[in-house]
Protein chains: 2
Amino acid sequence: MATKKHRVVIVGGGFGGLYAAKALRRVNCDVVLIDRRNHHVFQPLLYQVATAALNPSEIATPIRKILRGQNNVQIMLGDVHGVDAAAKTVLLEGAAVPYDSLILAAGATHSYFGQNHWAIHAPGLKSIEDALEIRRRVLLAYEAAELTTDPKGRSAWLTFVVVGAGPTGVELAGALKEIATHALREDFSKIDSGEARVILIEGADRVLPPYVPELSLEAENALQQLGVEVKKSARVTNIDDSGVNIGDERIVAKTVLWAAGVQASPVAKSLGVPLDRAGRVIVEPDLTIKEHPDIFVIGDLAAAQSDGKPVPGVAGAAVQGGQHAARNIALKLAKKPLEPFHYVDKGSLATIGRAAAVADFGRIKMHGFIAWLAWLFIHVFLLIGFRNRFIVIFQWAWSYFTYERGARLITGDSPPLLGPGATSYKSKK
Amino acid sequence: MATKKHRVVIVGGGFGGLYAAKALRRVNCDVVLIDRRNHHVFQPLLYQVATAALNPSEIATPIRKILRGQNNVQIMLGDVHGVDAAAKTVLLEGAAVPYDSLILAAGATHSYFGQNHWAIHAPGLKSIEDALEIRRRVLLAYEAAELTTDPKGRSAWLTFVVVGAGPTGVELAGALKEIATHALREDFSKIDSGEARVILIEGADRVLPPYVPELSLEAENALQQLGVEVKKSARVTNIDDSGVNIGDERIVAKTVLWAAGVQASPVAKSLGVPLDRAGRVIVEPDLTIKEHPDIFVIGDLAAAQSDGKPVPGVAGAAVQGGQHAARNIALKLAKKPLEPFHYVDKGSLATIGRAAAVADFGRIKMHGFIAWLAWLFIHVFLLIGFRNRFIVIFQWAWSYFTYERGARLITGDSPPLLGPGATSYKSKK
């Protein structure tokens, strides 16, 4: 107790920060993990909360609970707004936390390509709050369509645009079309939810650009079979409260969701070191910063290279980065040289609707129902906590066989639905 | 299609409105059910969401889903702000809905006995949003206590006051003490959550004033065994952001919850008819209003009498009132005289913590584990939807055997925890 232990501060309780903390379990150091939220979010399933299939607590677990058994970790709820690298201190509102080693794993946020005013019209999907906001907007759109007698107004409420056809965009679009076709079908008396249009817009010339072309094609086929309209090589030039522009084309839609760009957390800027175009910190092969060898940067916040190739911004890379930073800290404490990071790609998976998916495990590429089963088992296996796993399996099995969506609640403040675009209920007769 | 059907408008999708709509299934009329929310809330279990045991969607079900099979019902999402009884029209923001018969089931809201400025310091528990706000405050209080080094500040964060010892207050206080003693016990490194104080304040001379005195005594014993401090015959004279006054006594507490008074929905006022002190509409024996025989008022909005005794503001009375209003509408359509309402008391139940309860089924009065089992089965049985029932049983069984709380998430905007009362993390060494 008398000797001062090496203190590792971790900023961020996502995949990177959490796995770094776990990997420091047997290292002789004190760990302080700081996050703005009290929970870790299993981000790959966020779109299922946004589309009313799962509850927040089924994909989010309190960080304190995950790390409960680990005695050398302290958890702190707080919003980190910068790092004073000269003073070796992390800066929070009203507090400063000193470190000996720092692991920055603050992740990324939405990027609207400099058009920040699009944000209110097209929310992105990064947090539980984001997912609940999207769920609220989607469910309210159907309620508004039911109350609107003007056909144009109704069709604007029944048009859903997803910008960006990466894994999140593809999964969101598929799930949106699926609830329109099934879960909501019998809920309304004046509209047919099956008529809802879901339009997926992608700037590249194929969906899922990070995947191999053959799986992009399979994914696009599956989306089209579901009824999702896919627009490729399409650049969004404007978003406002009634729709989206793609050059000269105007899509009238009351609900627009953003799954296009991400930008590193602004914490990166406070370091005063070179960043890449997405605002990520350019790190050394051992994941430290050249100017600050005590700072490790991992996950979506880092522009890292592995064997000459850029490390992708996916959950698996964050997990491995966190574990590697922890190992390097252990080596440092043992006065051994740090090791370079080697990212091992364990494969990519994306689902399209209820029973289709594409998967790329390097030599093995799959699509259709088999890929979907693989996706299901891998995700359930990775979900933290037996209890969550059990409930999620039950919810999925239930919605698979019944087409039901359990979490179809509109919470938060509802805007008045009956605006100038809607008509009085009276005129319906 | 050519003949215009009798149109029944129901305001409110709580127990009263929902059971009225269901009872009108076979009556030859059109039903329009209007609610501000898209979901019905099973209010008796709201405190379990507030104390992180259950998820919102486990006790809330979309109204459209509940009434899906019923062809003569239309559901409308909207905020009713008044009734124009002369024009036989319900008034919403931007819309007006005409009725032939009206069932008002808008319920009640919190009443702060004229001290409305207490509301921000002491939230009540009526909606899912309320429950999530209470959950957020309670969980944040422990996080703040963990970050506070000043013992006085820490104890203020670890003191929880519940005002009002009716069923909601008793159940909230019991659950708050229980999570302090069990679920949160291993989560924190600097505080012992078991030291948290839970103080229950009641103006009457016993807890659960509507129950028979012997069960009040049992409930108080059970609360004290759990460790809840009960203050009876205590009138709250002030609430601010750092505590509660009971006359000269000051209780320093950062978290105060309101379970004391309720007041009828302001919709009642717009009728221009006599109201009782709690703002409820005084109704005839057949549940209509003397001045407006086409308007039925039920549930917490009505001051009704049954066999010379006031009908209590409980879920069972709302259900029976809704069914009775529907029956009287059917009689009216058949040109038969309306019948007076007879309330049948099917018993009262309240739980105290993990395995104790008190129950009053008239001749049979129970307490302890047996009463808790009765409570469990009755509530699970009444929960709407098989899927919800299954998941709730599983969650309960899980938390019963593990003392875990599954839904321990802080969502929404967090206030900065480290204010003037807290100290920098630095000073901890």
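Source: prediction; values computed, not measured.

*Asks:* Just to check I follow, could you spell out the overall build of chain A for this structure?
*Replies:* Counting secondary structure elements, chain A contains 11 helices and 27 strands. Within chain A, buried positions represent 56% of all 429 residues. Within chain A, residue pairs in contact and separated by at least 24 positions form 64% of the contacts whose partners lie at least 6 positions apart. Summed over all atoms, the accessible surface of chain A reaches about 17800 Å², with 54% contributed by carbon and sulfur.

*Asks:* In this structure, what is going on with the pattern of salt bridges? I would like to understand it.
*Replies:* Opposite charge on two side chains permits pairing when their charged atoms draw close. Residue and element names in this part refer to chain A. A full pass over the atoms with the stated rule returns 30 salt bridges over all chains. Across the pair Lys232 and Glu220 runs a salt bridge whose closest N-O atoms are separated by 3.0 Å. You can see Lys232 sitting in the loop between strand S13 (229–231) and strand S14 (238–240) and its partner Glu220 sitting in helix H8 (residues 213–226), a full 12 residues away along the chain. With relative accessibility at 10%, the residue Glu220 sits in the buried group.

*Asks:* Just checking my understanding: could you explain the packing of helix H1 (residues 15–23) of chain B against helix H9 (residues 315–333) of chain B for this structure?
*Replies:* For any two helices packed against each other, one specifies the crossing angle of their axes together with the interaxial distance. All names here are of chain B. The geometry of H1 relative to H9 is characterised by a closest axis approach of 7 Å and an angle of 35° between their N-to-C directions. The handedness of the crossing between H1 and H9 is right-handed. Only Ala315, Ala318, Val319, Gly322, Gln323 and Ala326 of H9 make contact with H1, whose side of the interface consists of Phe15, Gly16, Tyr19, Ala20 and Ala23. Its residues placed into classes, the contact of H1 with H9 shows eight nonpolar, three polar and no charged.

*Asks:* Which parts of the structure should I look at to understand helix H7 (residues 167–183) of chain A?
*Replies:* Owing to its 3.6 residues per turn, the α-helix aligns residues three or four sequence positions apart on the same side. Look at H7(A): 23 Å from first C-alpha to last across 17 residues, which is about the 24 Å you get at 1.5 Å a residue. Taking burial as the measure, the 17 residues of H7(A) include 13 buried ones, the bulk of the element.

*Asks:* Looking at this model, I keep getting lost on the sheet that holds strand S16 (residues 249–252) of chain A. Mind explaining?
*Replies:* Strand pairing in a sheet is mediated by backbone hydrogen bonds. Such pairs are either parallel or antiparallel. Residues and elements named next belong to chain A. Spatially, three strands are ordered S14-S15-S16 in an open sheet, and the strand pairing comes out antiparallel. Both edges of this open sheet fall to S14 and S16, since each of them pairs with a single strand only. Taking each pair of neighbouring strands and ignoring which way they run, the sheet shows an average axis angle of 15°. Pairing of S14 with strand S15 (residues 243–246) involves three bridges; the strand directions are antiparallel. Bridge pairing in S15 links Ile239 to Val244.

*Asks:* So what exactly am I meant to see when it comes to the packing of aromatic side chains here?
*Replies:* Two measures describe an aromatic ring pair: the distance that separates the ring centres and the angle between the ring planes. Residue and element names in this part refer to chain A. Tallied over the full model, the rule gives 12 aromatic pairs over all chains. Judged by centre distance (5.7 Å) and plane angle (75°), the ring pair of Phe15 and Phe42 falls under edge-to-face. Of the two residues, Phe15 sits in helix H1 (residues 15–23) while Phe42 sits in the loop between strand S3 (39–41) and helix H2 (46–50), which places them 27 residues apart along the sequence. Three or more aromatic residues link up through ring pairs in this structure, and these residues are Tyr112, Phe113, Trp118 and Trp258. If you follow Lys254 out to its NZ or CZ, it ends over the ring of Trp157, 5.2 Å from the centre.

*Asks:* Before we go on, may I ask you to explain the sheet that holds strand S16 (residues 249–252) of chain B in this structure?
*Replies:* Residues and elements named next belong to chain B. Reading across from one edge, S14-S15-S16 is the order of the three strands in this open sheet, with antiparallel pairing throughout. Each edge of the open sheet is held by one strand with a lone partner, namely strand S14 (238–240) and S16. Neighbour-to-neighbour, the strand axes of this sheet turn through a mean angle of 15°, independent of strand direction. Note that strand S15 (residues 243–246) and S16 share four bridges and pair antiparallel. Bridging from a neighbouring strand, Gly243 pairs with Val252 of S16.

*Asks:* What am I meant to see in the environment of A:His292 here?
*Replies:* Residues and elements named next belong to chain A. With respect to the element layout, His292 can be found in strand S21 (residues 292–297). Sequence separation between His292 and Ala23 is 269 residues; the distance between their C-alpha atoms is 22 Å. Residues in contact with His292, not counting those within four places in the same chain, are Ala85, Leu271 and Val273.

*Asks:* Would you explain the pairing of strand S9 (residues 101–104) of chain B in this entry?
*Replies:* Across a regular strand the side chains alternate sides, sitting on one face of the sheet and then on the other. Residue and element names in this part refer to chain B. Judged by which residues are buried, S9 turns out to be covered on both faces: Ser101 and Ile103 on one side and Leu102 and Leu104 on the other are all buried. Here strand S1 (residues 7–11) runs beside S9; their pairing, made up of four bridges, is parallel. Counterpart to Val9 in the pairing with S9 is Leu102. As judged from the three bridges shared by S9 and strand S21 (residues 292–297), these two strands associate in the parallel manner. Residue Leu104 lies in a different strand from S21, and its bridge partner there is Val297.

*Asks:* Got a minute to help me understand the side chain of B:Asn328 in this structure?
*Replies:* All names here are of chain B. Its location among the elements puts Asn328 in helix H9. Asn328 sits in the buried class, given a relative accessible area of 0%. In this structure Asn328 touches Asp286, Phe296, Leu338 and Glu339, once residues within four positions along its chain are discounted.

*Asks:* Where do I start with the environment of B:Leu46 in this structure?
*Replies:* All names here are of chain B. Along the chain, Leu46 falls in helix H2 (residues 46–50). Separated by 260 residues in the primary sequence, Leu46 and Ser306 have C-alpha atoms spaced 28 Å apart. In this view, Leu46 contacts Val41, Ile59, Leu125, Lys126, Ser127, Ile128 and Ala131; residues no more than four positions away in its chain are not counted.

*Asks:* Mind showing me how you'd approach the environment of B:Gly14 here?
*Replies:* Residue and element names in this part refer to chain B. By secondary structure assignment, the location of Gly14 is in the loop between S1 and H1. Along the backbone, Gly14 and Arg408 are 394 residues apart, and their C-alpha atoms lie at a distance of 26 Å. Contact partners of Gly14, with chain neighbours within four places excluded, come to Asp35 and His40.

*Asks:* Quick question: what am I supposed to make of unusual backbone geometry here?
*Replies:* The phi angle of most residues is negative, glycine excepted, and most peptide bonds adopt the trans form. All names here are of chain A. The residue Phe113 is not glycine, and still its phi comes out positive at about 50°. Along the chain, Phe113 falls in the loop between strand S10 (108–111) and helix H5 (128–147). Judged by relative accessible area, which is 55%, Phe113 ranks as exposed. Positive phi values are uncommon outside glycine, yet Leu208 reaches one of about 45°. With respect to the helices and strands, the residue Leu208 is situated in the loop between strand S12 (197–201) and H8. Judged by relative accessible area, which is 0%, Leu208 ranks as buried.

*Asks:* Would you take a moment to explain the pairing of strand S17 (residues 255–258) of chain B for this structure?
*Replies:* Residue and element names in this part refer to chain B. Residues Thr255 and Leu257 of S17 are buried on one face, and the alternating residues Val256 and Trp258, pointing to the opposite face, are buried as well. Alignment of strand S11 (residues 159–163) against S17, held across four bridges, turns out to be parallel. Across the sheet, Phe160 pairs through a bridge with Thr255, a residue of S17.

*Asks:* Sorry, what's going on with the side chain of B:Glu202 here?
*Replies:* Residue and element names in this part refer to chain B. For Glu202, the location among the structural elements is in the loop between strand S12 (197–201) and helix H8 (213–226). Here Glu202 sits buried without a salt bridge, and the closest side chain of opposite charge, Arg206, lies 8.8 Å off (N-O distance). Setting aside its immediate chain neighbours within four residues, Glu202 contacts Gly164, Ala165, Gly166, Pro209, Lys231, Lys232, Ser233 and Ala234.

*Asks:* Before we go on, may I ask you to explain H5(A) in this structure?
*Replies:* The end-to-end C-alpha separation of H5(A) is 29 Å, in line with the 28 Å expected for 20 residues at 1.5 Å each. A large share of H5(A) lies buried, amounting to 17 of its 20 residues.

*Asks:* Quick question: what am I supposed to make of the confidence of the model for chain A here?
*Replies:* Predicted coordinates in regions of low pLDDT should not be interpreted in detail. Residue and element names in this part refer to chain A. When the pLDDT values of chain A are averaged, the result is 88; 89% of them are 70 or greater. With pLDDT under 50 throughout, residues 418–429 is counted as low confidence; its partners more than four residues away or in other chains account for 32 contacts. Per the prediction output, this complex has pTM 0.85; the corresponding ipTM is 0.79.

Basis of the calculations
- Residues numbered from 1 in each chain as written.
- Chains lettered and ligands numbered in written order.
- Predicted model: local features only at pLDDT ≥ 70, side-chain atom pairs only at ≥ 80, totals over all residues.
- Heavy atoms only, no water.
- Helix = DSSP H or I, 4+ residues; strand = E, 2+ residues; numbered from the N terminus.
- Buried < 20%, exposed > 50% of the residue type's maximum accessible area, 1.4 Å probe, protein only.
- Contact = heavy atoms within 4.5 Å.
- Areas by Shrake-Rupley, 256 points an atom, 1.4 Å probe, with all protein chains shown as cover.
- Salt bridge = Lys/Arg side-chain N within 4 Å of Asp/Glu carboxyl O.
- Axes fitted to C-alpha atoms, helices over the stretch in contact; angles between N-to-C directions.
- Left-handed = near helix turned anticlockwise from the far one by under 90°.
- Nonpolar A, V, L, I, M, F, W, Y, C, P; charged D, E, K, R; others polar.
- Expected span 1.5 Å × (residues − 1).
- Pairing = 2+ DSSP bridges.
- Phe/Tyr/Trp six-rings, centres within 6.5 Å; stacked < 30°, edge-to-face > 60°.
- Lys NZ or Arg CZ within 6 Å of the ring centre and 35° of its normal.
- Lys, Arg positive; Asp, Glu negative; His and termini not counted.
- pLDDT = per-residue confidence, 0-100.

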